[in-house]
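# Per-entry structural report
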Amino acid sequence: MAVIDSDAHVLETDHTWDYMLEAERDMRPRIVPTPNDSASGGESWLVDGTYIGKARNVGHDTSKESREMEDIKARLKHMDELDVDVQVLYPTIFLRPFTRRPEVLSMDKAIEEARLAKENGACGIFMRGLEGDKHVSDAHFFPIYEEAGRLDLPICVHSATGSFVVHDYFLNECGFNKFKLAVVGSFHSLIFNRIPEKFPNTKWAFIEVSSQWVPYAVHDFARRFERNGIKVDKSDVLRKNKIWVTCQTDDDLPYVLKYSGDDRLVIGTDYGHNDTSSEILALRKLREDGAVPTSVVNKILDDNARALYGL
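What comes next concerns the included structure. Going along each chain's sequence as written, the residues are numbered from 1 onward. Local features in a predicted model are, by the rule used here, given only for residues with pLDDT of at least 70; side-chain atom pairs are given and counted only at 80 or more, and totals for whole chains, interfaces and linings are based on all residues. Think of the side-chain values as coming from all heavy atoms in the structure, minus any hydrogens and water.

So, about the pairing of strand β9 (residues 155-158). Here's how the labels work: a residue is buried when its accessible area is under 20% of the maximum for its type, exposed when over 50%, partly exposed in between, all with a 1.4 Å probe on protein chains only. In this description a helix means any DSSP run of H or I spanning at least four residues, a strand means any run of E spanning at least two, and both kinds are numbered starting from the N terminus. Residues Ile-155 and Val-157 of β9 are buried on one face, and the alternating residues Cys-156 and His-158, pointing to the opposite face, are buried as well. Of the pairings in the sheet, the one linking strand β6 (residues 125-128) to β9 comprises four bridges and is parallel in character. Note on β9: the bridge partner recorded for Arg-128 is His-158. Sheet topology note: the β9/strand β10 (residues 204-207) ladder contains four bridges and is parallel. Opposite Val-157, over in β10, you have Phe-206 as the bridge partner. What makes two strands pair is DSSP finding at least two bridges between them.

Right, here's the structure in full:
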């Protein structure tokens, strides 16, 4: 049995952008000092006129060379120490909105990038709970959803927002409204509008918002449908819609499993970060806690993640 970390991160560096062309120089993120912005940790990325704190949310239970992927051998060595066989990597800089220019966010280019990424080992397509002024159920995204099914790349909605309006409205709050609720809302919107039915080959995942909300969201969805005479099997909503959700070790997993089923949960460490979802030993703790049967633990750590990410 393998142990798969379904939500790990890389913290970008200047070298992250070495692939960019000379013609794209104006869009290349730059590191600038921001000593007067305590929330930034002292330095920020400057992207298209937007400052994004670089030195915040840094997990100091990881080494700099590991979390920034400057030393791949060091990262692999730490994974061995954590008894982790595979990490699925998510970005850091893109958890926040970074450009107000819609012309640089081309759907045709996104599809091209998805194909290139698949050819080079990608196992999912990263999205945020809100993308600009659009929610995930917007028809604007249908072409990438169709392509995702063809490429066998799940649409992975990660705790984040791509909306400047929402980000700036909740600028000084802790992040719950800004990042977490956008993802929970996108789950409800997706199933309520029956979007997965339009793309039967596409898989979906909701990442880094725990799983504690699943019973509530499924229950609310079911009540709305049942008012119109449509019976909903609450225990089958995730399976029917090809949806997976990352859980955390302090979730009430026996309760959540009644709604998710035992083949729809995965787990991650949030490797490299330091927030309410970060737990470097989460995968080991899940095995040792005994909160759910070993057979279910094995599915969460291995089988379910393989099914989601096509590993």
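Having seen the model, we can carry on.
With that settled, consider helix α12 (residues 294-309). Its 16 residues give α12 an end-to-end C-alpha distance of 22 Å, which sits within 8% of 22 Å, the value for a rise of 1.5 Å per residue. The sharpest bend along α12 reaches about 45 degrees and sits at Ile-300. The complete set of buried residues in α12 reads Val-296, Val-297, Ile-300, Leu-301, Asp-302, Asn-304, Ala-305, Leu-308 and Tyr-309. Within two residues after α12, Gly-310 carries a phi angle of roughly 65 degrees, on the positive side. In this scheme, a helix's expected span is set at 1.5 Å multiplied by one less than its residue total. At any given residue, the bend is defined as the angle formed between two axes, one fitted to the seven residues that end at that position and one fitted to the seven that begin there.

Another point: the packing of aromatic side chains. Centres within 6.5 Å are what make two rings of Phe, Tyr or Trp a pair, Trp counting through its six-membered ring; a difference in plane orientation under 30 degrees is then read as stacked, over 60 as edge-to-face, and the rest as tilted. Enumeration over the complete set of coordinates arrives at 16 aromatic pairs. A centroid spacing of 6.1 Å and a plane angle of 85 degrees characterise the contact between Trp-17 and Phe-94, whose relative ring orientation is edge-to-face. Taken together, the residues Trp-17 in the loop between β1 (4-9) and β2 (30-33) and Phe-94 in the loop between β5 (86-90) and α3 (107-119) connect sequence positions 77 residues apart. Residues Phe-206 and Trp-213 carry aromatic rings whose centres are separated by 6.5 Å and whose planes lie at 75 degrees to one another, so their mutual orientation is edge-to-face. You'll find Phe-206 and Trp-213 in the same group, each marked buried. Taken together, the aromatic side chains of Phe-141, Phe-142, Tyr-145, Phe-199 and Trp-204 make up a single cluster linked through ring pairs. Each ring is checked for a lysine NZ or an arginine CZ that lies within 6 Å of its centre and within 35 degrees of its normal; such an atom marks a charge sitting over the ring. Directly above the ring of Phe-164 sits Arg-100, whose terminal nitrogen or CZ lies 3.7 Å from the centroid.

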